[in-house]
Amino acid sequence: MAGFAIVFPMSAASAAELARPAAQAIPDTALKKPDWTVELGAFGLFSPKFFGAKDSKFSALPYVSIKYRDIAFASLDKGIGVNLFSANGFTVGAFVNLRPGREVKESRRYLTGLGDIDPALAAGAFVKYDYGRFFSTQITLSKGIVSFGDSKNKINALGLLEKTEGNLGTRIDWSADARLPLFDNRLHLSVGPRVSFFDKEYAESAYGITANQALASGYRPYKAKAGVAEVGVGGSARYRITENLSATAFGSYTRIVSDAAKSPLVTGPGGSKDQFKAGLGLTYQFGL
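Residues numbered from 1 in each chain as written. Predicted model: local features only at pLDDT ≥ 70, side-chain atom pairs only at ≥ 80, totals over all residues. Heavy atoms only, no water.

Its place among the elements puts Glu 230 in strand E13 (residues 227-240). Arg 171 is the oppositely charged side chain nearest to the buried, salt-bridge-free Glu 230, at an N-O distance of 4.5 Å. A distance of 2.9 Å separates polar atoms of two side chains, one belonging to Glu 230 and the other to Tyr 207. Discounting residues that sit within four places of it in the chain, Glu 230 has contacts with Phe 51, Arg 171, Arg 194, Val 195, Ser 196, Phe 198, Tyr 207, Thr 254, Arg 255, Ile 256 and Val 257. (Helix = DSSP H or I, 4+ residues; strand = E, 2+ residues; numbered from the N terminus. Buried < 20%, exposed > 50% of the residue type's maximum accessible area, 1.4 Å probe, protein only. Lys, Arg positive; Asp, Glu negative; His and termini not counted. Salt bridge = Lys/Arg side-chain N within 4 Å of Asp/Glu carboxyl O. Polar contact = N/O pair within 3.5 Å; in protein donor to acceptor, adjacent residues only side chain to side chain. Contact = heavy atoms within 4.5 Å.)

Structure, rendered in structure tokens:
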């Protein structure tokens, strides 16, 4: 949806997505690849409770991935997409996926009055370059297109903000991974840098405090600007236990920088510029 590694974020980045660069469970010796490849499993993930949080939460997440040749893919972490062009190591594609929201109940002590952020549907495109099995780099652009909510601002009888629309902003993510196959291709290691750029709308949703939120929460108002918001490093370690069964460990360290690092959500008692994710998963892959 690992060494040290999203996202999708993640957005908030999902767990299995961090393991993606090292995922090669079908042996290279296979004479013919199946048209359809299905991978099912589950992951346990420790991640920040919200953008900029110092406290972590544990999530048990299912993992489902379906691929049709090298043409189309669908998974819980990457969304639904197609590879539009592929040649000489380059792949260009497009996708739609779900941006998770933010719930006050995840951290009532620090989020009360800020309101829940609804999930949103995003659309995007990516360009990826693979240098054999040993290196890859990718840049992804995504834009929120619709929010799954009933109102932009919903305030309850106590004057507390209950809900705001989902994040409809734009983010650009760049990553690079050095990859190393070991033990007769059973173990795949992957590690590399990550950088995320947020436009003003995305930064405002993740790190901003509106006037209504300030009145309801006690935080000072804050307008986050566009720019590089997060830099870090991450990776994964994937071990093929059998021909079909694989175990994956993954993790990441992200540093919140620039204007995002000045947000009251980050500088306040519930926040931290240093963000960590780590997890472990087990998946079963088969062809059709």
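So, on to the pattern of salt bridges. Oppositely charged side chains may form a pair once their charged atoms are brought near each other. Inspection of the entire model under this criterion finds ten salt bridges. A salt bridge links Asp 35 to Arg 69, with the nearest nitrogen and oxygen atoms 3.1 Å apart. Residue Asp 35 is located in the loop between helix H1 (16-19) and strand E1 (36-48), and its partner Arg 69 is located in the loop between strand E2 (56-68) and strand E3 (72-75); the two are separated by 34 residues in the primary sequence. Accessibility expressed as a relative area gives 46% for Arg 69, which makes it partly exposed. In this structure, Asp 173 and Arg 171 form a salt bridge, with 2.6 Å as the shortest nitrogen-oxygen distance. The pair Asp 173 / Arg 171 is uniform in exposure class, with both members buried. Via salt bridges that share partners, Lys 128, Asp 130 and Arg 179 belong to a single interconnected network.

Take the sheet that holds E2 next. Read once around its circumference, the closed barrel built from twelve strands follows the order E1-E2-E3-E4-E5-E7-E8-E11-E12-E13-E14-E15, with strand pairing classed as antiparallel. Strand after strand, the sheet turns through a mean of 20° between neighbouring axes, direction not considered. Two strands pair when backbone bridges link them, and strand E11 (residues 170-182) and strand E12 (residues 187-198) are joined in this way by ten bridges, in the antiparallel orientation. Bridging from a neighbouring strand, Ile 172 pairs with Phe 197 of E12. (Pairing = 2+ DSSP bridges. Axes fitted to C-alpha atoms, helices over the stretch in contact; angles between N-to-C directions.)

A cluster of nonpolar side chains, Val 82, Leu 84, Phe 85, Phe 90, Val 127, Ile 139 and Trp 174, forms an exposed patch at the surface whose accessible area comes to about 630 Å². Among the elements that make up the nonpolar patch, the one with the highest residue count is strand E4 (residues 79-87) (three residues). By the secondary structure assignment, Trp 174 is in strand E11. (Patch = residues over 30% accessible without salt bridge, like charges linked within 9 Å, V, L, I, M, F, W, Y side chains within 5 Å. Areas by Shrake-Rupley, 256 points an atom, 1.4 Å probe, with all protein chains shown as cover.)

Below, the discussion takes up the environment of Gln 275. For Gln 275, the position within the fold is in strand E15 (residues 274-287). A residue is classified by how much of its surface remains accessible, and Gln 275, at 10% relative accessible area, is buried. Residue contacts for Gln 275: discarding those within four places in its chain leaves Pro 48, Phe 50, Phe 51, Gly 52, Ala 53, Ser 252, Tyr 253, Thr 254 and Ile 256. Polar contacts involving the side chain of Gln 275 include one to the main-chain amide nitrogen of Gly 52, which spans 3.2 Å.

With respect to the helices and strands, Val 195 occurs in strand E12. Excluding residues that lie within four positions of it along the chain, Val 195 makes contacts with Ile 172, Asp 173, Trp 174, Val 228, Glu 230 and Val 231.

A word on the pairing of strand E7 (residues 120-131). Note that strand E5 (residues 90-99) and E7 share ten bridges and pair antiparallel. In the sheet register, Phe 95 faces E7, and the bridge partner there is Gly 124. Linkage of E7 to strand E8 (residues 135-147), two consecutive antiparallel strands, is achieved through a turn of three residues, within which Gly 132 is found at a positive phi near 60°.

Spatial relationships are all this shows, so hold off on functional conclusions.
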